[in-house]
Amino acid sequence: MTEKSPLPPKDAELFSTVCQFCIVGCGYKVYKWPEGQDGDATPEGNAFGLDFTKQQPAFGTWVPSLAHSIITQSDGRYNIAIIPDDDALVNSGMASVRGAGLAASLYRPDGPTKSRLSTPMVRTSAGAKAANWDEATELGGRVIKAVMDHWGADAVGMKFFDHGGGGGGFENNWAVGRFFFEGIQTQSVSIHNRPAYNSEIHAASDAGIAPLTNAYLDAQLADTIVIVGANPYETQTNYFLNHMIKNLSGESISSKENFLSNEEFDSGRMIIIDPRRTMTVATAEAAAGYENILHLQLEPGSDLWLLNAIARVIYDRNWHDIGFIQNRTEVQTWEAYQRSTLMSGQSSEEFLNEASIKSGIEIPDIIKAAEWIAKPKASRIARRTLFHYEKGLIWGYKNYENIASIVDLALMTGNLGKPGTGCSRLGGHQEAYVRPKSNTGRPARNIDEALRRGDIKVFWVAGCNPVQTTLHANAISETLRERGRIVSEALKNSLHMPVSEQVAAIIEALKQGGIFLIGQDIYPTATTDLAHIVLPAATWGEINMTSINGERRLRLYQKFMEPPGNAISDWKIMARFARALHKLYSADENPEMANRFLDFDWTDDQAVFIDARHSFSGNYDDPMEGFAGVDYKILHGLGINGIQTPTRLINGALTGTERLFEDRPFSTPSGKARFIPAPPPWKGYAAKVEKQRNNHRFWINNGRSNHIWQTAYHHKHLTYYNERAPIPYLEIHARDAEELGIFSGDLVEVYNQVGSVQAMAYLAGSVKQGHCFMLFGQPRGAIGKLILDHVDPDTTIPWYKGVWADVRRIGQSPDLSKNISFKPTNFAG
Amino acid sequence: MKNIKPRDRPNRRQILTMGAVSGIAVSLGSEAESSALSQSATMPKIEIARLEDLALGTEINFYFPDEDSPAVLLVLDEQVQDGIGPGQNIVAFSSLCTHKGCQVNYYEEHKMLICPCHWSSFDPAKKGRIIIGQASSGLPQITLAIENGSVHATGISGLIYGRQTNVI
Ligand code: FES
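Throughout this document, residue positions are counted from 1 along each chain, in the order its sequence is written. For this description, chains carry letters from A and ligands carry numbers from 1, given in the order in which they are written. Under the rules for a predicted model, residues below a pLDDT of 70 receive no local features and side-chain atom pairs below 80 are neither given nor counted, while totals for whole chains, interfaces and linings still include all residues. Based on all heavy atoms of the structure, the side-chain values leave hydrogens and waters out of the count.

1. Comments concerning the overall build of chain A
Scanning chain A from terminus to terminus reveals 27 helices and 27 strands. When we talk radius of gyration, it's over C-alpha atoms, and the globule rule is simply 2.2 Å times the number of residues to the 0.38. Against the globule reference of 28 Å for 829 residues, chain A gives a C-alpha radius of gyration of 27 Å, in line with a compact fold. Its C-alpha atoms put chain A at 80 × 70 × 70 Å along the principal axes. Counting all 829 residues of chain A, 67% fall into the buried class. Throughout, a residue-residue contact means that at least one pair of heavy atoms, one from each residue, lies within 4.5 Å. Excluding contacts between residues fewer than 6 apart, the proportion of contacts in chain A whose partners are at least 24 apart in sequence is 77%. Note on areas: Shrake-Rupley with a 1.4 Å probe; residue coverage comes only from the protein chains shown. On chain A, roughly 26,900 Å² of surface is accessible, and the fraction owed to carbon and sulfur atoms is 48%. Positive and negative charge centroids in chain A, built from 82 and 92 side chains respectively, lie 2 Å apart. What counts as a helix is a DSSP run of H or I of at least four residues, what counts as a strand is a run of E of at least two, and both are numbered from the N terminus. Only protein chains enter the accessibility calculation, which uses a 1.4 Å probe; a residue whose area is less than 20% of its type maximum is buried, one above 50% is exposed, and one in between is partly exposed. Think of it this way: Lys and Arg go in the positive column, Asp and Glu in the negative one, and His and the chain ends go nowhere. For charged residues, the charge sits on one atom: NZ in Lys, CZ in Arg, CG in Asp, CD in Glu.

What follows is the structure, encoded as structure tokens:
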């Protein structure tokens, strides 16, 4: 037999870590042992202490092939096995399909991940050439300084990661923030997935509510869970399976008995507001019974109508929590909200009719949703409802009011700060935001526009790929390509000159309209392929790092291997450039500028963490990420369950926060939450979007999926994941497909006046007629190629879901499709 | 307070206690063959069914390569990759889900194998590949051979859930 899973020996090194992928942050154990020294099948012979001469039971421990890898380090080759941790409260020993492949995603010079960036490079129009760190930093630092001196700080633009998990973490985020906000002091900044540096949920923060309010336990205790614009089976998997499903199936009744002793309860219900019938809907129905799941398949852009209509029913029937409103909210905002948003002057019938027409949801279903959310229990005790929302709402039309509408619903029903309640993002990536204040204003500057206008002369991109994934990505791609070419030519002509002359040539090129692009990442991307300096970053497993998950659980992600070649952590890259700029400005005898780049001399990962910790005071003013009083030693001692932020020191004792706003005041000057007006802005769609909608037949909904994490930066290299979606797939309704002569597996073109993408058709019962769905960030065809540059003018957040296009059949693709199953991805038996 | 029974879905505790193999239809070879299997250190060969008995839509549960390893043979309605028989439509797979080891069920409606624990689904027409779910490999496929008018299991491609090697 060739199939054999290697077992760690008794003396294998053991590390504790958290998955690098989604927001849920499942706990994992990492076993490391030298090649050729495997454990054996006897309980005495392996680190698990299990008898592998026998079949392991269901929910047991084993090492599937994706959970194992052989890495090469400077002192030899090692086995790595990465297994879900049974002791982790988040996942109780379960892996998602993404976490199951953590070991497979590790760098291997002789394996599928061998294309990792491993050395700095300088690229000219004659090609890329390896450089050492000193050369790359010297050139990049001098160009940045020259640009600041000529055009000012705002001519230095950046688009950087700001997240937790792989490629992020508090340490790297802090260093990035210090460099750009204290050092450069540019306002030309933007976050990895959007054209500006802005919150995706301004309305929640205006209301005084943090993005992540609840504990995962609350999903086991809630009477009703509301999911808006999210698909947690696929993209927040173990939160859904290990917590929500336990509630829906009745498995968490014993927890309810413990926590909710004075009220009646039942197995949980779920309301899912999503235009698609996803696997989340199917599995929730399988667990709870069809009658306990309410799926509202709304029309695009109508979230606000639907959520406000539900609120209006609650208001009309006096199911709102007047005690909570009076005690915990600024009452005058409640009064204004009734007028502006609940349209208290308009008849209920009129309001609901209009909402029903706009959203496509029948009025009885709107009323049913209101009942499930807020109709008091028989004992008159309020229902406990947990609200969750994500990109369907955030990237919907229109961002600010969309978020306001769900926050207002939670406030009017008193569903914050109690077990079984909350109003939180479901989240995509993990969180780890800690940076000096950014002062980017509101609405934040649109960097994509600044790039196209030519205002930005140096553009530094890290951990993201705007050439493919921003709005109207083709335009950004062309801008970077054409403006970059001018600099590439100057670099080629000056390559063998002293660096000062090289920089002078680059500045001349910038004056001719050029742009100098710095690309920092772990793999080559379409963006680093255009970069003049490429900086290789270390990632998860190669550095010690910290992050929080969707319930603010802070843990230490231990380093267990070396990064590839000369790659170093992002914080070390920022520190190198800061020191270079400090030196350059010191040489210029410009102490004011030199001092902006002082104190980047951290010695290790923990030193950055501790430096960042000074942002927090340990009192109620700290944001949800606050980790006052925490260091690596404490986290190591706390193990895989860590501590939930924000932390406080109470009588010298470190104390976490299970759920926000129990005793903690809301984040407003008064300490009381505010209702935020969320009137429907519906005069129709924004003009250019309306034009696109009128000109094209299909709404192209888009999002993430179970198997492919973000832009597939790891997964496109790993056969198991890549063969599920080797090119973008397009879910299309069978009747629409029939009309167009399209079969599952056919190659199709999705096109509009912005651009076109080739995809593989997937006839699916998940989408309604006239709707399609494709992945947001598939590297061989992302939605960015089809989307207009429209943003919410109040927040600069794009309406990424607002894409309309036509679809045409290109032909069959037997080679690509032969290994793909086209059976339903939303059938749970 | 009302105390509601959990809805009808296997939970972790139930699965741990019910064991991996109880309650499925079994079609093993002879007694002698089956007991020999569990002691064998090499891949055994067992007869599953007579070819003439395998009508379209047939589903046969059996064990392979030993009594702790449930498997399922299916006769599909199309020619498929690695299918055998005159219609190249006979396939067999390990029934242990490669996620956490629950036993998959066959759903004739869509011809899918689905795990009841976290709903990983597998396509028997595509070599047991994942359709959707949390399993990190497809279902191990049982190699089949036809000898003397009977379908035999002769090997396995892929590692069975919960094992270091397929033959233990
Ligand atoms: S055990 Fe099969 S999906 Fe989890």
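2. Describing the sheet that holds strand 17 (residues 545–548) of chain A
Residue and element names in this part refer to chain A. Judged by pairing direction, the sheet is antiparallel, and its 3 strands sit side by side in the order 17-18-19 without closing on themselves. Each of the sheet's edge strands pairs with one partner strand only, and the pair in question is strand 17 and strand 19 (643–644). As paired elements, strand 18 (residues 553–557) and strand 19 share 2 bridges and run antiparallel to each other. Opposite Arg553, over in strand 19, you have Gln644 as the bridge partner. Note on method: axes are straight lines fitted to C-alpha atoms, helices fitted across the in-contact stretch only, with angles between N-to-C directions ranging 0 to 180 degrees. Relative to strand 17, helix 2 (residues 170–184) is tilted by about 95°, and along the sheet it contacts strand 17 and strand 18. One bridge is not enough; two strands pair if DSSP finds at least two bridges between them.

3. Describing the interface of chain B and chain A
Tallying the contact residues gives 56 residues for chain B and 69 residues for chain A. Throughout, the accessible surface (probe 1.4 Å) given up by two parts as they are put together, summed over both, is called the buried area. Summed over both sides, the interface between chain B and chain A buries roughly 5,400 Å², with carbon and sulfur atoms accounting for 56% of that surface. We count a salt bridge whenever a side-chain nitrogen from Lys or Arg sits within 4 Å of a carboxyl oxygen from Asp or Glu. Connecting chain B to chain A are 2 salt bridges. Residue Asp123 of chain B pairs with Lys823 of chain A through a salt bridge whose shortest N-O separation is 2.7 Å. Whenever a nitrogen or oxygen atom comes within 3.5 Å of another N or O atom, the pair is scored as a polar contact, on the condition that within protein one atom can donate a hydrogen and the other can accept it, and that pairs from neighbouring residues in sequence are kept only if both atoms are in side chains. At the junction of chain B and chain A, the tally comes to 29 residue pairs in polar contact (both at pLDDT 80 or more).

4. Examining the pattern of salt bridges
Opposite charge on two side chains permits pairing when their charged atoms draw close. Residues and elements named next belong to chain A. Going through the model one piece at a time under the given rule, you end up with 52 salt bridges over all chains. For Glu401, the salt bridge identified is with Lys398, shortest N-O distance 2.7 Å. Residue Arg659 pairs with Glu658 through a salt bridge whose shortest N-O separation is 3.8 Å.

5. Some details on helix 9 (residues 303–316) of chain A
All names here are of chain A. To estimate the expected span of a helix, subtract one from its residue number and multiply by 1.5 Å. Compared with an ideal rise of 1.5 Å per residue, which puts 14 residues at 20 Å, helix 9 spans 20 Å between its outermost C-alpha atoms and is within 8% of the ideal. Among the 14 residues of helix 9, 13 are classified as buried, and the element is accordingly described as predominantly covered. Among the residues trailing helix 9, Asn318 stands out with phi positive, at a value near 60°.

6. Side note on the confidence of the model for chain B
All names here are of chain B. The predictor attaches a confidence to each residue, and that confidence, scored 0 to 100, is pLDDT. Per-residue confidence for chain B gives a mean pLDDT of 82; residues scoring 70 or more make up 76%. Overall, residues 1–40 carries pLDDT values under 50, and its contacts beyond four positions in sequence, including any with other chains, amount to 82 contacts. This complex was scored by the predictor with a pTM of 0.95 and an ipTM of 0.95.

7. Considering the packing of aromatic side chains
Residue and element names in this part refer to chain A. Any two rings among Phe, Tyr and Trp, with Trp reduced to its six-membered ring, count as a pair given centres within 6.5 Å; such a pair is stacked if its planes are under 30 degrees apart, edge-to-face if over 60, and tilted if neither. Applying the stated criterion across every chain yields a total of 40 aromatic pairs over all chains. Here the aromatic rings of Phe160 and Phe161 are separated by 5.7 Å at their centres, their planes lie at 45°, and the arrangement is tilted. Each member of the pair, Phe160 as well as Phe161, is classed as buried. When the ring of Tyr233 is compared with that of Phe240, the centres are 6.2 Å apart and the planes differ by 90°; the resulting orientation is edge-to-face. Judged by its relative accessible area of 0%, Phe240 falls in the buried class. Ring-pair connections join several aromatic residues into one group, and the members of that group are Phe160, Phe161, Phe179, Phe180, Trp460, Phe577, Tyr585 and Phe597. Ring-over charges, as used throughout, are those where CZ of Arg or NZ of Lys falls within 6 Å of the ring centre and within 35 degrees of the ring normal. When the ring centre of Tyr585 is taken as origin, the NZ or CZ atom of Lys145, which lies over that ring, is 4.9 Å away. Its end group placed over the ring of Phe600, Arg178 keeps NZ or CZ at 4.3 Å from the ring centre.

8. Structural notes on the packing of helix 1 (residues 133–151) of chain A against helix 20 (residues 570–587) of chain A
All names here are of chain A. Look at helix 1 against helix 20: their axes get within 9 Å of each other, and the N-to-C directions meet at 60°. By the angle between their directions, the pair helix 1 and helix 20 is classed as oblique. Pair helix 1 / helix 20 crosses with right-handed handedness. For the pair helix 1 and helix 20, the contacting residues are Trp133, Asp134, Ala136, Thr137, Gly140, Gly141, Arg142, Ile144, Lys145, Met148 and Asp149 in the first and Ile573, Arg576, Phe577, Ala580, Leu581, Leu584 and Tyr585 in the second. If an angle is under 35 degrees, it is roughly parallel; if it is over 145, roughly antiparallel; if it lies from 65 to 115, roughly perpendicular; otherwise it is oblique. Two helices crossing with the near one rotated counterclockwise from the far one by less than a right angle form a left-handed crossing, whereas a clockwise rotation gives a right-handed crossing.

9. Things to note about unusual backbone geometry
Across residues other than glycine, the phi torsion is negative in most instances, and most of the peptide bonds are trans. All names here are of chain A. For the peptide bond that leads from Tyr397 to Lys398, omega is 10°, which places it in the cis range. Its place among the elements puts Lys398 in the loop between helix 14 (391–394) and helix 15 (399–412). The omega torsion of the bond from Arg442 to Pro443 falls at 0°, within 30 degrees of zero and hence cis. Located in the positive-phi region is Thr796, a residue other than glycine, with phi close to 60°. Position of Thr796 relative to the elements: it lies in the loop between strand 26 (771–775) and strand 27 (804–811). Using a relative accessible area of 4% as the deciding quantity, one classes Thr796 as buried.

10. A closer look at the sheet that holds strand 22 (residues 698–703) of chain A
Residues and elements named next belong to chain A. Pairing in this closed barrel of 6 strands is mixed, and the strands run 22-26-23-25-24-27 around the ring. Recorded for the sheet is a direction-independent mean angle of 45° between the axes of neighbouring strands. Sheet topology note: the strand 23 (residues 729–732)/strand 25 (residues 756–763) ladder contains 4 bridges and is parallel. Of the residues in strand 25, the one forming a bridge with Tyr729 is Met760.

11. Considering the side chain of Thr647 of chain A
Residue and element names in this part refer to chain A. Looking at where Thr647 falls in the secondary structure, it is placed in the loop between strand 19 and strand 20 (648–650). Within the local environment of Thr647, its side chain forms a polar contact with the backbone oxygen of Ala628, the two atoms lying 2.7 Å apart. Leave out the neighbours within four places in its chain, and Thr647 touches Gly618, Asp622, Gly626, Phe627, Ala628, Val630, Leu654 and Thr655.

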